[in-house]
Each structure stands twice: as C-alpha cells, then as structure tokens.
Amino acid sequence: MSTPIHRTSTRQSAAVLTSAQQRREGSRTGSTSARSTEHALLAMQSRAGNRATTAAVQRARDTARDPARDTERDGAAENGGASAGAKKNYRDRIAALLDRFKKNLEPIDTFIKGFQTPTNAAFTQQAAVSANEGLKHSAAASGTSAASGNLLTEAAGTVVSGMDAYKNMKDAKKHETGANHHTAKKKAKTKGADAVVGAANSGSYSAAIAKEVTKVQKAADAAVASEASGIASASIGAIKGMRSAFRVGGAARKYKEVKSLGDPHVVHAGSLARLNESREQAGWAAAEAYVALDAYWAHDGPERLELVSEAIDAAWEAMGEARDAAESLQRAEKDVQKLSTVQGYAKKKQLTKMGKETVSGGGESTKAAAGIVTAVAAGTVGLASNPVGWGLAGAGAGLVLGVTMYKALRAATKRYEEVHHPERWAPKGETPEEAASRKESLKHALKFWKKVSKGERQAMAREIYALAAGPDISGSGSTTAEMRESARSLLIALKSGPAKHKLEPEAWVETLNDPAKTGDWIQEIAEQLASG
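Remember, it's a predicted structure, so these values are computed and weren't measured experimentally. (Residues numbered from 1 in each chain as written. Predicted model: local features only at pLDDT ≥ 70, side-chain atom pairs only at ≥ 80, totals over all residues. Heavy atoms only, no water.)

### Things to note about the overall build of the protein
- A count of helical and extended segments in the protein gives 15 helices and 0 strands.
- Split into buried and exposed, the 532 residues of the protein put 37% on the buried side.
- A fraction of 79% describes how many contacts in the protein between residues 6 or more apart in sequence connect residues 24 or more apart. (Helix = DSSP H or I, 4+ residues; strand = E, 2+ residues; numbered from the N terminus. Buried < 20%, exposed > 50% of the residue type's maximum accessible area, 1.4 Å probe, protein only. Contact = heavy atoms within 4.5 Å.)

### A short note on a positive patch on the surface
- Where like charges cluster on the molecular surface, the positive patch consists of Lys185, Lys189, Lys500 and Lys502.
- Note on placement: Lys502 falls in the loop between helix 13 (481-493) and helix 14 (505-512). (Patch = residues over 30% accessible without salt bridge, like charges linked within 9 Å, V, L, I, M, F, W, Y side chains within 5 Å. Areas by Shrake-Rupley, 256 points an atom, 1.4 Å probe, with all protein chains shown as cover. Salt bridge = Lys/Arg side-chain N within 4 Å of Asp/Glu carboxyl O. Lys, Arg positive; Asp, Glu negative; His and termini not counted. Charge placed at Lys NZ, Arg CZ, Asp CG, Glu CD.)

### Regarding the confidence of the model for the protein
- Here the protein averages 78 in pLDDT, while 74% of its residues score no lower than 70.
- Ignoring residues within four places in sequence, the model shows residues 63-84, a span with pLDDT below 50, making 9 contacts including any to other chains.
- When the criterion is pLDDT under 50, residues 381-385 qualifies, and its contacts beyond four places in sequence or with other chains add up to 12 contacts. (pLDDT = per-residue confidence, 0-100.)

### Quick look at the nonpolar core
- If you look at the biggest cluster of nonpolar residues, it comprises 32 residues, and the most contacted ones within it are Ile464, Tyr465, Leu491, Trp521, Ile525 and Leu529.
- Secondary structure elements with two or more residues in this core: helix 9 (304-379), helix 12 (456-468), helix 13, helix 14 and helix 15 (518-530).
- Ranked by the residues each element gives to this core, the list is headed by helix 9, at 7 residues.
- Ala282, Ala289, Ala318 and Ala325 belong to the second largest nonpolar core, which has 7 residues in total. (Core = buried A, V, L, I, M, F, W, Y, C linked by side-chain atoms within 4.5 Å.)

### Examining unusual backbone geometry
- We note that Lys495 has phi near 65°; this positive angle belongs to a residue other than glycine.
- Within the secondary structure, Lys495 sits in the loop between helix 13 and helix 14.
- Here Lys502, not a glycine, exhibits a phi torsion of approximately 55°, which is positive.

### Thoughts on the side chain of His420
- Tracing the sequence through the fold places His420 in helix 10 (residues 388-420).
- According to the relative accessible area criterion, His420 is buried, its value standing at 18%.
- In this structure the side chain of His420 is engaged in a polar contact, spanning 2.9 Å, whose partner is the backbone oxygen of Ala436.
- Engagement of the side chain of His420 in a polar contact is seen with the side chain of Ser441, the distance being 3.2 Å.
- Ignoring any residue separated from it by four or fewer positions in sequence, one finds His420 in contact with Ala435, Ala436, Ser437, Arg438 and Ser441. (Polar contact = N/O pair within 3.5 Å; in protein donor to acceptor, adjacent residues only side chain to side chain.)

### Structural notes on helix 8 (residues 269-297)
- The terminal C-alpha atoms of helix 8 lie 42 Å apart, and with 29 residues this matches the ideal 42 Å at 1.5 Å per residue to within 8%.
- Residues of helix 8 that are buried include every one of Ser271, Leu272, Ala282, Ala286, Ala289 and Leu293, and no others. (Expected span 1.5 Å × (residues − 1).)

### Things to note about the pattern of salt bridges
- In this structure the tally under the stated criterion is 12 salt bridges.
- In this structure, Arg243 and Asp194 form a salt bridge, with 2.6 Å as the shortest nitrogen-oxygen distance. Linking Arg243 in helix 6 (residues 222-259) with Asp194 in helix 5 (residues 178-217), this pair joins segments that are 49 residues apart in sequence.
- Across the salt bridge formed by Arg331 and Asp335, the nearest N and O atoms sit 3.2 Å from each other. Pair noted here: Arg331 and Asp335 are both in helix 9, with a separation of 4 residues, about one helical turn.
- The partly exposed category is assigned to Arg331, whose relative accessible area is 24%.
- For Asp335, a relative accessible area of 1% gives the class buried.
- Connected through shared salt-bridge partners, Asp194, Arg243, Arg247 and Glu357 make up one network.

### A look at the packing of aromatic side chains
- All chains considered together, the criterion is met by 1 aromatic pair.
- Ring geometry for Trp508 versus Trp521: centroids 6.1 Å apart, planes at 70°, classification edge-to-face. Placement of the pair is Trp508 in helix 14 and Trp521 in helix 15, with a sequence separation of 13 residues.
- The buried category is assigned to Trp521, whose relative accessible area is 1%. (Phe/Tyr/Trp six-rings, centres within 6.5 Å; stacked < 30°, edge-to-face > 60°.)

### What about the packing of helix 12 against helix 13?
- Where helix 12 contacts helix 13, the axes come no closer than 7 Å and their chain directions differ by 130°. Between helix 12 and helix 13, the angle falls in the class oblique. Considering how the two elements wind past one another, helix 12 and helix 13 form a crossing that is left-handed. In this structure, helix 12 uses Ile464, Leu467 and Ala468 to contact helix 13, whose residues at the interface are Met483, Arg484, Ala487, Arg488, Leu490 and Leu491.
- Across the contact of helix 12 with helix 13, the residue classes tally to 7 nonpolar, no polar and 2 charged. (Axes fitted to C-alpha atoms, helices over the stretch in contact; angles between N-to-C directions. Parallel < 35°, antiparallel > 145°, perpendicular 65-115°, else oblique. Left-handed = near helix turned anticlockwise from the far one by under 90°. Nonpolar A, V, L, I, M, F, W, Y, C, P; charged D, E, K, R; others polar.)

### Describing helix 12
- Between the first and last C-alpha of helix 12 there are 18 Å, a value that for 13 residues agrees with the 18 Å anticipated at 1.5 Å per step.
- Inspection of helix 12 places Gln458, Ala459, Met460, Ala461, Ile464, Tyr465, Leu467 and Ala468 among the buried residues, and these make up the whole buried set.

### Some thoughts on the side chain of Glu418
- The residue Glu418 is located in helix 10 in this model.
- Within the buried core, Glu418 has no salt-bridge partner, and the shortest N-O distance to an opposite charge, that of Lys454, equals 6.7 Å.
- Engagement of the side chain of Glu418 in a polar contact is seen with the side chain of His444, the distance being 3.5 Å.
- Within polar-contact distance, the side chain of Glu418 engages the side chain of Ser453 at 2.9 Å.

### A short note on a negative patch on the surface
- A cluster of like negative charges, contributed by Glu303, Glu306, Glu310, Asp313, Glu317, Glu321, Asp324 and Glu327, occupies part of the molecular surface.
- The residue Glu327 is located in helix 9 in this model.

### Notes on the environment of Glu133
- Inspection of the secondary structure puts Glu133 in helix 4 (residues 133-174).
- Distance from Glu133 to Lys215, taken between C-alpha atoms, is 9.8 Å for residues 82 residues apart in sequence.

### Looking at the environment of Pro107
- Looking at the secondary structure, you find Pro107 in helix 3 (residues 83-130).
- Pro107 sits 298 residues away from Met405 along the chain, and the two C-alpha atoms are 9.9 Å apart.

### So, the packing of helix 13 against helix 14
- Close contact between helix 13 and helix 14 brings their axes to 13 Å; oriented N to C, the two are set at 105°. As judged from the angle between their axes, helix 13 and helix 14 are roughly perpendicular. Side by side, helix 13 and helix 14 meet where Arg488, Leu491 and Ile492 of the first sit next to Trp508, Val509 and Leu512 of the second.
- Considering only residue class, the contact of helix 13 with helix 14 consists of 5 nonpolar, no polar and 1 charged.

Here it is, written out as structure tokens:
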C-alpha cells in the first residue's frame, strides 16, 4: 500500500530523479537486475492488456458485422419496413454487438483479475517497503491499465444486462401466464440485478483508476483516492458475497425439495408390483386359453370347429392382454429409471451450483476484506506496508479465478461433445447431425461466446417434460398416472409449478398437454435445472 505523497517543486523532483538515476547507473551490472525485471514485467502487462483489448474490440466488430446485416434484412422482410420493427432490429443489433464485445473481453478480464491485479498489488507492497519510487510508478501505470480493462468489460456487461432485463420485462408482460411468463420474469430479475451490480462495480473500477492515476502523477491526494478505492472495493465485494450467499440458499432449498420427493424406485415400488401382478395374471390367462384350445382340438363332436374357432379367438385376445401387460410393466420400469436419473441430475446441478457460489462468494468476501485493509492502510502510515492487503487480494482473486476457469473448461467440454458426439444428447426420433472431426470440434470448443444448445441439460429437460406431459404429447400417452404425478411434483420442486406460472392447477396441467407449448416448457425446465 502506498503512503501519502506530498507535492514537491519541479526543481527538487528533477534533482531527486537525477540522483536516483546516477545511483542506478552506478549499481548496474552486466546482467539484468531484479528491479529492471520488475519494471519490464509491469510494462509488459500494461502493453499486453492494451493490445488484447484493442484486438478484442476489432474482433467483436468484425464478427458481428455480417450477422447484423443478416438480421437487418430478416427484420425488414418480416416487418415490411415498419418503423417499430426497424427500431427493434436496431436495438437487437446493438445488444448483439455489445454481447459479442463483452464475451471477447472476458478472457482478458479473467487474466487481469487473476494475474495482473494481484501481481500489481505485490509490487506495490514491495515498493512501499523499499521506498522505491520508480517501482511504485510502474506498478501504478500497470494498475491503471488493469482497472481500465476491468471497467471496459464491466461497463459493456452492465449495458447488455440492462438491455436484457428490459427485453425480458416486456416479454413477461406480453406473456401474462405460463412458462414463457415465468422464464422471462426470472431472467428480468436476474439481469436487472446483474445491471445494478455491474454499475456499482464500474464505479469501483473508476475509483481504482483514479487511485492509480494519483500515484502515477504523485498527487498529494493519493491517500484519499486509495481510501475511496478501498471502500468502493470492499462495498462491491460485500454485495457480491451476499448475492452468492442468497444463491447458495436458493440452490439448497431447491435441492432439499427435490430430495424430499424420495427415491422413485421406492416410491413406485407398489405400482410396479401391481403391474407385475397384472402381467402374471395375463400370462396365466393366456396359458389357460391355450390349454383350452388344445382340449377343443382333441374333441370329436360335431361342434368341434365352432369351439376351436372360439378358443382361437380367446387365446389370441389373452395373448394380446399378456403382451400389453408386459409392455406396460416394461415402460413403467423404464420411466422409473428415467425419473430417478433426472432427479439425480437435478440434485447434482444444485450441489454444483452451491459449490461454485460458495467458492466465488468466498473469493469476493476475501477481496472485500482486502479493500478494507486498503482503506485503513491509506489513512495510517504504519499500515501502509502491511502485506495483508495484497495477500487477501491475491487469495480472493485466486478463488474467483478458479471458479471462472472451471466454468470455462466445463463449457468448452460441452461445446466439444455437442458437435463431436451429436448422437449422445440428440432428441428421440430426430436424426442426429453428422459428427464433426476432432479438429473442427476443438475449434468449436474454443468459441467461448457460443452457448451449448444440445447438451445434457437440454436432454434432461426433454425427459422431465415427457414424463410430466399429458397423453396428447407424442411419446407420453403410455405414461402411468402415478408416474406423471411424480414428474409434475418434480416440476413444482424445480419452481415451475402453477403458482410460479400464475395459473390454476387445472390450467397448468392443460399447458403441459398442449403440443404448441412443448418448446416453451423444455426451455423453462432447462432454465430451472441450471438456476437456484
């Protein structure tokens, strides 16, 4: 942490700099000194961050140019050139460009938060201990570059979140009830909160830039700027930590509700036993029908042909009933296994979310503590060289970076499987796309700005809907009433019940049995599986 620096005259500064330069030249050896290495590292960090940000801007502009034109043509064709459609198309183009811009900046932002910022804090600490003004200046310059990159990413994300929140608010009003309403309403709340937190975080990064600039300029109010930046960083860290805690609580409640449904194998043991009993009875009836048929074949009376004909019909009907009973039992056993699988998946998703949010929230809370230490150190000369601040900052950044890297690796793996093994999660009855080569799959996996559209979560959502849907939905007609009721209980546990959709239970059941709403329901279930 830096100590307050009082402004000196130009002549005195020049004298000090000349003396310092002479001392450095006197102590210079043939090999590169540790001090020059530190300056080179900080300068390299600043230049790399600036170049990467510029490249990301250009890449986002190039990749978004052609899709924007296509969207414009499609929008004009659909809306007939109407002014309202043009405005909507223009807004969608801006949102798409900003979203792509933000996603291109996110890897740079991750590098800054995980490596550059903790490194800067360590060098700042070292400069304060050794009273090295040159190192302090270099660290401040690198810190300015880092905070500027953070601010650019956060500002773009804030605008995108705000636009998404507004769009989903309109969609929620448009769809007053049902799955579309609930999905849009939930997204509006989430994106609205993201926009508020992003705005606050942008203010924190602005304060960090001001702090580093005062160090670069050796301004007299550097201590005030450091204290303000520390307070802002502590506040936003505390807010993010609390938000993570709320998310952990939501995921824990959903996990508890899903778990309370019980093991489907145990819950449906009675219904499976009844189906098995029906299958056995039908099998015995078929066997008896064939025994009667054999007896009639051996009969020599004049009514033999008539009796044999009736016995054949009875045996044929008994065999059909036995076959239907066996198929019903087999279908019920498969449905029980499917329900067990999707319930296990839902619980696993909530446990994973709890883990990620706990680690991420711990990282943000640690960064908040680092901000408090920064604010205290800025106003207390004795604490200015305390290593606790940068140690906490590094620990917090490490936790957040770990979660970010985990998410990125998981997403890349899912994108790879999506195109390399398209048959794995393809919808039933649909011909899978041709599998991409390993090289093409790796390229697709690195497209971090793309979301997975055909993965495990979407497949599980289709399975849940197929179990909960009504008889009018293709593939759901043979589901037993007990199994359908259990699947609908799972929907309620996943916060997709009638109350969340603003519907009466009867109307809610009708939407499940409406083929036109199949896509909306699958999207709703997939969203609820991922959220807390």
